[in-house]
Amino acid sequence: MFNNPFLKLFQEQQQHQYIVGNATVKERIRKLNSLKKAIQDTYRSQIHETLKMDLNKSVTETDLTEIYPVTSEIKFIKKHLWHWVKRKSVPTPLSLFGASSYIKYEPKGVCLIISPWNFPLNLTFGPLVSAIAAGNTVILKPSEMTPNTSALMKIIVQDLFDENEVALVEGEVETAQHLLNLPFNHIFFTGSPAVGKIVMKAASAHLSSVTLELGGKSPAIIDDSANLTTTAKRLIWGKLVNCGQTCIAPDYIMIKENLLSDFTNLCKDAIESYYSKNIEDSDSYGRIVNQNHYERLKNLIDDAVSQGANIAYGGNTNTSDNYIQPTLITNCNMEMKIMQEEIFGPILPIITYKDASEILIHINSNPKPLALYVFSKRNFLIDNIVKNTRAGSTVINNNLIQFNNHHLPFGGSNNSGIGKSHGFYGFKEFSNERAFMKQHFKGISEYVTPPYTSLKEKIAALTVKWF
Ligand code: NAD
């Protein structure tokens, strides 16, 4: 630990944590306002440029999926922070008569935020907003795979904060490993389940608390009562935002067998209505983040085809700019890698079921998903799926929209994540719920101190019986 390149920075934040933690709500809101102004005004066009460079993101998608989630989170927190930080009185049992009790949310201290590349600004500054609201100092480690956006975020952070309060460290896996060796009070990690396990293991050395926002395969179930045209439009939108590189994108579809052909045709129509027939030239369609992920996705298609899957639409690729056409795949089986690994790209396998009972068997044979989508008008079927499965979130008759409701907790369960973010849940994640009691006058416990006489024995017996 003593030759850790980030030890000095960490110690400076440790020393400064009480000044930051004691900042009034007004001061915390001032910091959040300055971040809001920076991303929605001062640096907005540069953010558009870097996300175009890193992920070929259109201006509209950058505004809606990178900037807006952070600015709307700030607006939400500004409305509610006053209430969240107030001490909350709670009842005190009669057996503790003479005392009062309350809870106060105090900052955890020095926090580490490690973020992924798919929504680099949103998933770095989003948790930062919660950490600032809760009064912490923060070191940010964004992904090395979106270097232009990471470099710009560093400029923004340096412009707004002193290093002993918020600092951003650029770098690859080795950088993350150095940081993980430090005794942070909380680690907020967004990324893959595989790296989530590494983070949790490192955190255990210092008993740092963790929030793990992970991924996995999120299914979308469609039954024959759903409006197929609307369902296809919504699912294709959800799948292809950010070129499919979204943690809560529908990973695959499970549809009643007799609907397969109609649904596949409606998906084709939806794709072309959003991106035209010439998708490669569409300004609205993104690209795969890098060559490695491009090759990974191409391999998923090749592996499925080699095992008998059909490409119902798409399948074209272009190595020169990591382009993968939206691709619909049918006739898949569970031996194919595409049905085993998180896809995280614009490839949509469509599998079928004959009887609704197959849905639960299939979902429950896999780890708990981050999101589970159901498209149906049958309340009985929806209830049955919801009651007999577990997932981070569920949306009925739509997808993706749960991310932007700050009243809802966002996160997974076990393999798809531990802990929650957004709104109050994000604030809570970066806070310690400190329990307080105050003794006002002599309590009952003071009448039962040793030596234990027969009278005290009776008091104890009455306490057990009545309080
Ligand atoms: P990743 O796990 O490969 O990397 C995430 C971060 O961890 C990066 O900053 C990276 O530098 C760092 N990292 C990588 N290997 C490491 C190691 N061995 N030790 C320490 N740090 C390491 O994930 P990714 O490829 O950037 O993102 C894709 C994954 O993230 C998908 O699984 C996706 O579902 C998930 N994700 C989840 C959410 C969510 O909110 N639940 C959001 C976005 C992405």
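Residues numbered from 1 in each chain as written. Predicted model: local features only at pLDDT ≥ 70, side-chain atom pairs only at ≥ 80, totals over all residues. Heavy atoms only, no water.

So, a nonpolar patch on the surface
Right, so step 1: Together, Leu 94, Phe 97, Phe 441, Leu 462, Trp 466 and Phe 467 give the surface a local cluster of nonpolar side chains, amounting to about 730 Å² of exposed area.
Right, so step 2: Among the structural elements, Phe 97 can be located in the loop between β1 (88-90) and β2 (99-107). (Patch = residues over 30% accessible without salt bridge, like charges linked within 9 Å, V, L, I, M, F, W, Y side chains within 5 Å. Areas by Shrake-Rupley, 256 points an atom, 1.4 Å probe, with all protein chains shown as cover. Salt bridge = Lys/Arg side-chain N within 4 Å of Asp/Glu carboxyl O. Helix = DSSP H or I, 4+ residues; strand = E, 2+ residues; numbered from the N terminus.)

Details of the packing of aromatic side chains
Right, so step 1: With the rule as written, the count across this model stands at 16 aromatic pairs.
Right, so step 2: Taken together, a centroid distance of 5.2 Å and an interplanar angle of 70 degrees make the contact between Tyr 275 and Tyr 285 edge-to-face. A residue pair is termed long-range when its members are at least 10 positions apart, and Tyr 275 in helix α10 (residues 260-275) and Tyr 285 in the loop between α10 and α11 (291-306) qualify at 10 residues. Grouping residues by exposure puts Tyr 275 and Tyr 285 together as buried.
Right, so step 3: Judged by centre distance (6.2 Å) and plane angle (35 degrees), the ring pair of Phe 424 and Phe 427 falls under tilted. Taken as a pair, Phe 424 and Phe 427 lie in helix α14 (residues 423-429) at a separation of three residues, close to a single helical turn. (Phe/Tyr/Trp six-rings, centres within 6.5 Å; stacked < 30°, edge-to-face > 60°. Buried < 20%, exposed > 50% of the residue type's maximum accessible area, 1.4 Å probe, protein only.)

What about the domain arrangement of the chain?
Right, so step 1: Here the chain is partitioned into domain 1 (7-214 + 417-434) and domain 2 (219-404).
Right, so step 2: A separation of 31 Å is found between the C-alpha centroids of domain 1 and domain 2.
Right, so step 3: On the side of domain 2, 18 residues touch domain 1, which itself brings 21 residues to the contact.
Right, so step 4: The junction of domain 1 with domain 2 conceals about 1,600 Å² of combined surface from both sides, 54% of it contributed by carbon and sulfur atoms.
Right, so step 5: Three residues stand out in domain 1 for area buried against domain 2, namely Asn 56, Glu 61 and Trp 117, and they jointly supply 29% of the buried area on that side.
Right, so step 6: Linking domain 1 with domain 2 are zero salt bridges, by the criterion used here. (Domains from an automatic or database assignment. Contact = heavy atoms within 4.5 Å. Buried area = accessible area lost by both parts, 1.4 Å probe.)

Overview of the site of the ligand
Right, so step 1: Neighbouring the ligand are 28 residues; Lys 141, Glu 144, Ser 192, Leu 214 and Glu 342 lie closest to it.
Right, so step 2: Contacts to the ligand include Ser 192, whose side-chain N or O atom sits 2.7 Å from an oxygen atom.
Right, so step 3: At 2.6 Å from a nitrogen atom of the ligand is found a main-chain nitrogen or oxygen belonging to Leu 214.
Right, so step 4: Here the ligand has 840 Å² of accessible area as a free molecule, and 91% of this is covered by the chains.
Right, so step 5: Of all the secondary structure elements, the ones that give two or more residues to the shell around the ligand are α7 (173-180), β6 (186-190) and α8 (193-204).
Right, so step 6: The element best represented in the shell around the ligand is α7, accounting for four residues. (Near = heavy atom within 4 Å. Polar contact = N/O pair within 3.5 Å; in protein donor to acceptor, adjacent residues only side chain to side chain.)

A few points about the environment of Gly 98
Right, so step 1: In this structure, Gly 98 sits in the loop between β1 and β2.
Right, so step 2: Exposure remark for Gly 98: the relative accessible area of 7% places this residue in the buried category.
Right, so step 3: Counting along the chain gives 83 residues from Gly 98 to Asn 181, while the straight-line C-alpha distance between them is 46 Å.
Right, so step 4: Among residues more than four places away in sequence, those in contact with Gly 98 are Lys 438, Gln 439, His 440 and Phe 441.

Some remarks on the side chain of Asn 122
Right, so step 1: Looking at the secondary structure, you find Asn 122 in helix α5 (residues 122-133).
Right, so step 2: Since its relative accessible area comes to 6%, Asn 122 is described here as buried.
Right, so step 3: Non-local contacts of Asn 122, meaning those with residues more than four positions away in its chain, are made with Thr 65, Glu 66, Pro 69, Val 70, Pro 127 and Phe 403.

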